Amino acid sequence: MRVLTLIGSYRKQGNSARMVSMVEARMRDLAARQGLPFEFETLFLGDSDIRYCLGCRACFDRGESACPLKDGVAKIRARIDASDALIVASPVYVDDVSGLMKSLMDRLAYLCHRPGLGGKYAYALATVGGGSAGHALRTLYLGLLTWGCHIVGKTGVKMGALVPEIDMPRYRAQANTAAERLFGAIAKKTAMNPSFVSLMAFKIQQLAWKGEPAGSHDYAYWREQGWLSRGCTYYHAHRANPLKLALARLSGAVLYRFVV
């Protein structure tokens, strides 16, 4: 099991980083108890060269390799691909994710067209000084959903300013809950039973790309993956309840008329 955490902060001892450390500790404990191999890698986005998206659409029209910005994003994507699960963690800045996190999401926008993370486990975590983390969590959730991730859960933690180390144990229960949900999902292979929303989102995207010109990069990608084939209902083989699947696909077909 390989878990990669992306932290949208420069502060390596900040609230987000220390929450992630507690999640990691609990996951390591669970893995050791069950005798499962476990690797945990933390990537601070502030250590990477992430330039602002130019909005040139090269990644959409010709593929991500055509992006004119040659920085650290391709290396981040490679580390994502090498992982089994993601924890995407961000502090809340002005009611949303940090600029670092949003810049990465903007640069990976092609994944909204070509969901290369189909079936990868993901957990969203946001820390906030005061107010709500809800908007930031929605930003993370919608990004992960359209990228094809199997979203295990999301947690917002109100912590005030930088919490003294001595006070961090008060947040351990929330960290443990996140760790246990993510670890349990991976161990039980819950991605084989996608959520209603995930199945519905797949149907919406499937209809959208079926309507694309046959020569488009997105259409070619979906066709090569076999996702446009008759009978394909998700990014990978699954065991979703037939009734849930039928209702999700019907809902997706209806919503497609309004959102695309």
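Further up the page is the structure itself.
These numbers come from a predicted model, not from an experiment.

All right, on to the pairing of strand β5 (residues 121-128) then. Counting buried positions along β5 yields 8 of 8 residues, so the element is predominantly enclosed. In β5, alternate side chains face the same way, and those of Tyr121, Tyr123, Leu125 and Thr127 on one face and Ala122, Ala124, Ala126 and Val128 on the other are all buried. Strand direction decides the pairing type here: strand β3 (residues 85-93) and β5, joined by 7 bridges, are parallel. Note on β5: the bridge partner recorded for Ser90 is Ala126. Here β5 pairs with strand β6 (residues 150-158) via 8 bridges, running parallel. If you follow Ala122 over to β6, its bridge partner there is Ile151. After leaving β5, the chain enters helix α6 (residues 134-146) and then returns to the sheet as β6, a path that is right-handed.

Backbone phi values are negative for most residues with the exception of glycine, while trans is the configuration of most peptide bonds. The phi torsion at Asp95 lies on the positive side, around 70°, for a residue other than glycine. Among the secondary structure elements, Asp95 is positioned in the loop between β3 and β4 (96-97). Even without being glycine, Lys189 reaches a positive phi, approximately 55°. With respect to the helices and strands, the residue Lys189 is situated in the loop between α7 (172-188) and α8 (196-210). According to the relative accessible area criterion, Lys189 is exposed, its value standing at 56%.

What follows is about α8. In this model α8 runs 21 Å from its N-terminal to its C-terminal C-alpha over 15 residues, within 8% of the 21 Å that 1.5 Å per residue would give. Summarising burial for α8: 11 of the 15 residues are buried, a large majority. Among all positions of α8, only Ser198, Leu199, Met200, Ala201, Phe202, Lys203, Ile204, Gln205, Gln206, Ala208 and Trp209 are buried. Residues of α8 that are buried make contact with α5 (110-113), α6, α9 (217-225) and α10 (242-259).

Okay, a nonpolar patch on the surface next. The grouping of Phe196, Val197, Leu243, Leu247, Leu250, Val254, Leu255, Phe258 and Val259 at the surface amounts to a nonpolar patch, some 840 Å² of accessible area in total. Secondary structure elements with two or more residues in the nonpolar patch: α8 and α10. Residue contributions to the nonpolar patch peak at 7 residues, all from α10. Turning to its location among the elements, Val254 is positioned in helix α10.

With their axes 7 Å apart at the nearest point, α8 and α10 run at an angle of 50° to one another. What the angle tells us is that α8 and α10 run oblique. Between α8 and α10 lies a crossing whose hand is right-handed. Mapping the contact onto sequence places Phe196, Leu199, Met200, Phe202, Lys203, Ile204, Gln206, Leu207 and Ala208 in α8 and Lys244, Leu245, Leu247, Ala248, Arg249, Ser251, Gly252, Ala253, Leu255, Tyr256 and Val259 in α10. Its residues assigned to classes, the contact of α8 with α10 comprises 14 nonpolar, 3 polar and 3 charged.

Calculation notes
- Residues numbered from 1 in each chain as written.
- Predicted model: local features only at pLDDT ≥ 70, side-chain atom pairs only at ≥ 80, totals over all residues.
- Heavy atoms only, no water.
- Buried < 20%, exposed > 50% of the residue type's maximum accessible area, 1.4 Å probe, protein only.
- Helix = DSSP H or I, 4+ residues; strand = E, 2+ residues; numbered from the N terminus.
- Pairing = 2+ DSSP bridges.
- Right-handed = clockwise from strand over helix to strand, strands pointing away.
- Expected span 1.5 Å × (residues − 1).
- Contact = heavy atoms within 4.5 Å.
- Patch = residues over 30% accessible without salt bridge, like charges linked within 9 Å, V, L, I, M, F, W, Y side chains within 5 Å.
- Areas by Shrake-Rupley, 256 points an atom, 1.4 Å probe, with all protein chains shown as cover.
- Salt bridge = Lys/Arg side-chain N within 4 Å of Asp/Glu carboxyl O.
- Axes fitted to C-alpha atoms, helices over the stretch in contact; angles between N-to-C directions.
- Parallel < 35°, antiparallel > 145°, perpendicular 65-115°, else oblique.
- Left-handed = near helix turned anticlockwise from the far one by under 90°.
- Nonpolar A, V, L, I, M, F, W, Y, C, P; charged D, E, K, R; others polar.

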